[in-house]
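Summary of structural features
So the chains spell out like this:
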Amino acid sequence: MVKYPKLDRVVSTMSAEEFFRQYVSKRIPVIIQGLPDDEGFKAQKWTDLHYLASKAGNSSVLVEPMHPQSHQFGTDVERVPVEFGDFLKSLQMDDGPHPYLTTQYAEQDLDALTVLPPPADALADDYPRIPRLMGNLYLQQVNLWLGKSKEGSTSGLVRHFSLKHTVSQIADVQLSITTFMTTCTVYCRGKKRFVLYPPSEVKHLYPYGKLDTVHENGLISYADARVRSDGLPLLVALSARVKALEQKLSVTPKGKGKSRENTKERQKLMDAYDEAVDELTTYALEDDQMHELEDEAQDDFDALMAGLEDGEELDDGHPVELDGDESDGDGEDEGEEDGGIDSASDSEDKDDEPSSFSRIPAALIHEHLKLPSTAVLPSGVSAADFPDLKKTPAPFVVELNAGEMLYLPASWWHEVTSSSGSAEGNVVHMAFNYWFYPPDQLDAFEEPYEDKMLWEYLRSKDVGSKKGDATGGQLRVDKRKAQIQNGTRSSKRSRQS
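Treat the numbers as computed from the prediction; the structure is a model and nothing was measured. (Residues numbered from 1 in each chain as written. Predicted model: local features only at pLDDT ≥ 70, side-chain atom pairs only at ≥ 80, totals over all residues. Heavy atoms only, no water.)

**Section: the pairing of strand β15 (residues 429-437)**
For β15, the tally of buried residues reaches nine of nine residues, placing the bulk of the element in the interior. Because side chains alternate across β15, one face comprises the buried residues His429, Ala431, Asn433, Trp435 and Tyr437, and the other comprises Met430, Phe432, Tyr434 and Phe436, equally buried. Across nine bridges, strand β6 (residues 138-147) lies against β15 in antiparallel orientation. Following the sheet pairing, leucine 139 is matched in β15 by phenylalanine 436. (Buried < 20%, exposed > 50% of the residue type's maximum accessible area, 1.4 Å probe, protein only. Helix = DSSP H or I, 4+ residues; strand = E, 2+ residues; numbered from the N terminus. Pairing = 2+ DSSP bridges.)

**What about helix α4 (residues 234-250)?**
Counted at 1.5 Å a residue, the expected span for α4 with its 17 residues is 24 Å, and the 24 Å between its end C-alpha atoms agrees. Among the 17 residues of α4, 13 are classified as buried, and the element is accordingly described as predominantly covered. (Expected span 1.5 Å × (residues − 1).)

**Brief notes about unusual backbone geometry**
Negative phi is the rule for most residues except glycine; trans is the rule for most peptide bonds. Of the consecutive residues proline 118 and proline 119, the connecting peptide bond is found in the cis state with omega at 0°. Within the secondary structure, proline 119 is located in the loop between β5 (100-101) and β6. Its identity is not glycine, yet arginine 27 carries a phi of approximately 55°, on the positive side. Structurally, arginine 27 can be placed in the loop between α1 (16-24) and β2 (30-33).

**A look at the nonpolar core**
With 69 residues, the main nonpolar core has Phe19, Trp46, Leu52, Phe84, Tyr127 and Leu146 as its most contacted residues. At nine residues, α4 tops the list of elements feeding residues into this core. Ignoring any residue separated from it by four or fewer positions in sequence, one finds tyrosine 127 in contact with Gly40, Phe41, Trp46, Leu116, Ala120, Asp121, Val142, Phe432 and Tyr434. Among the nonpolar cores identified, the runner-up in size contains 18 residues, and Tyr4, Tyr206, Ile360 and Phe386 belong to it. (Core = buried A, V, L, I, M, F, W, Y, C linked by side-chain atoms within 4.5 Å. Contact = heavy atoms within 4.5 Å.)

**Describing the pattern of salt bridges**
Scanning all chains against the criterion turns up nine salt bridges. For aspartate 125, the salt bridge goes to lysine 55, with nearest N and O atoms at 2.8 Å. Residue aspartate 125 is located in the loop between β5 and β6, and its partner lysine 55 is located in helix α2 (residues 49-56); the two are separated by 70 residues in the primary sequence. In this structure aspartate 125 comes out as partly exposed when scored by relative accessible area, which is 48%. We classify lysine 55 as partly exposed; its relative accessible area is 26%. For lysine 452, the salt bridge identified is with glutamate 447, shortest N-O distance 3.5 Å. Judged by its relative accessible area of 41%, lysine 452 is partly exposed. Through salt bridges with shared partners, one network takes in Arg228, Asp230, Arg241 and Asp451. (Salt bridge = Lys/Arg side-chain N within 4 Å of Asp/Glu carboxyl O.)

**What about the environment of glycine 85?**
Within the fold, glycine 85 resides in helix α3 (residues 84-91). For the pair glycine 85 and alanine 53, spaced 32 residues apart in the sequence, the C-alpha separation amounts to 5.2 Å.

**Quick notes on the side chain of histidine 204**
The topology assignment puts histidine 204 in the loop between β9 (191-197) and β10 (211-214). When its relative accessible area of 12% is taken as the criterion, histidine 204 is described as buried. Aside from chain neighbours lying at most four places away, what touches histidine 204 is Ile360, Asp388, Leu389, Lys391 and Thr392.

**Remarks on the confidence of the model for the protein**
Segments scoring low in pLDDT should not have their predicted coordinates read at a detailed level. Residues of the protein with pLDDT of at least 70 account for 64%, and the chain-wide mean is 74. In this model, residues 168-180 is a region of pLDDT below 50 whose contacts with residues beyond four sequence positions or in other chains number 145 contacts. (pLDDT = per-residue confidence, 0-100.)

**Observations concerning the pairing of strand β3 (residues 60-64)**
One face of the sheet, then the other: side chains in a regular strand alternate in exactly this way. Within β3, four of the five residues are buried, which leaves the element mostly enclosed by the surrounding structure. In terms of strand pairing, β3 meets strand β4 (residues 80-83) through four bridges, oriented antiparallel. In the sheet register, leucine 62 faces β4, and the bridge partner there is proline 81. As paired strands, β3 and β5 are joined by two bridges and run antiparallel to one another. Bridge pairing in β5 places valine 63 opposite leucine 101.

Here it is, written out as structure tokens:
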């Protein structure tokens, strides 16, 4: 029997600061025994499907059918819209394969709430927004994963994406890498097997995307979906910085009489605001990002900017005080010499899969590791197509059972196989996960994000807790773009040259 390295196991009552010091700051996955000890965590009730139906049965969700050839999830099979209550009824049928409830992207409505997507929004009073153990990390999204498979189903190998660190509690199989997010998964029912590779193995795991950079905190950024070290897409961060400076300007006195310090403070903010808008405008012009965003970046932008008030512009283009009430909201290898790994250069399917997904089929991963599998190797694919897989060290192979959690730092590759774990036909497997933005100030429990001004602003807005308008900043950028294109205003970069 093959032996794999083991993860640490800790108890869920561990102090948040100690957890941060031992695991978050060191970017080490860990198994957490027990469910969140928060008083508001009541997800144990979800094992009763009738309770779930009564709470969230009217929610509209998208479920993923199993791929008919590969017998796995996490593929390009089109997801099917269905009422959550009807989906729950389907899971009580004996005949399979059953569809799988996975991450709920806002494919149909880019303005839809994505931090608490359905059915998690209807269940929001059954769990805390941020579990105590996660300390001061910032929530990106929560998701309920629900399916049914006695033999086990896989979701393929992926790099953890969610702009986040993840805490997970049980789902289905896919080899992925959490690129952008830190995850905590809470397993509520059934069991799950995780295969985990560190971010450094990106050079051996054939991602669809071309590597842009690996940040100092281990976060991987791809050329077609660039992110900062805190997981924020560049466009989102630039836009949010403009908003943050608008807010500061709205409450900073202009200064009259003897109060010259306020005038200097305001002038400093105005200069910073001009610089931020120019940087955003230049990025939008060069990469045509404002109107032709990738779907995922657009989702993140909509969620992050939701509910943020816009300032009224003065003649000089700077905002005045905001009107209305404030709204409450809830050194790795870098690839080839050209600086990137274009693993999908010969793949016709690259545009159909996220950059952070591996091209190695789950069935081949299982065969390589001598693990039981229900996945089927696609026709014409063999180990000879992925020779670098043999260069990877032994991964962590983790069994997660009901009542346990897995903490997975951003950019760790993971393939997950879920099973109902019972001979009884009507038992499902269920997991609930939190995705957090990955900290990039790993020695600071109280302030784990380096861009203090931006994150203070986002926290003050509790971004993503409600819908809102994000058009004001767009109008200012459009105006600035027109000025640059017409030659009436130079961009920051042209002024420097």
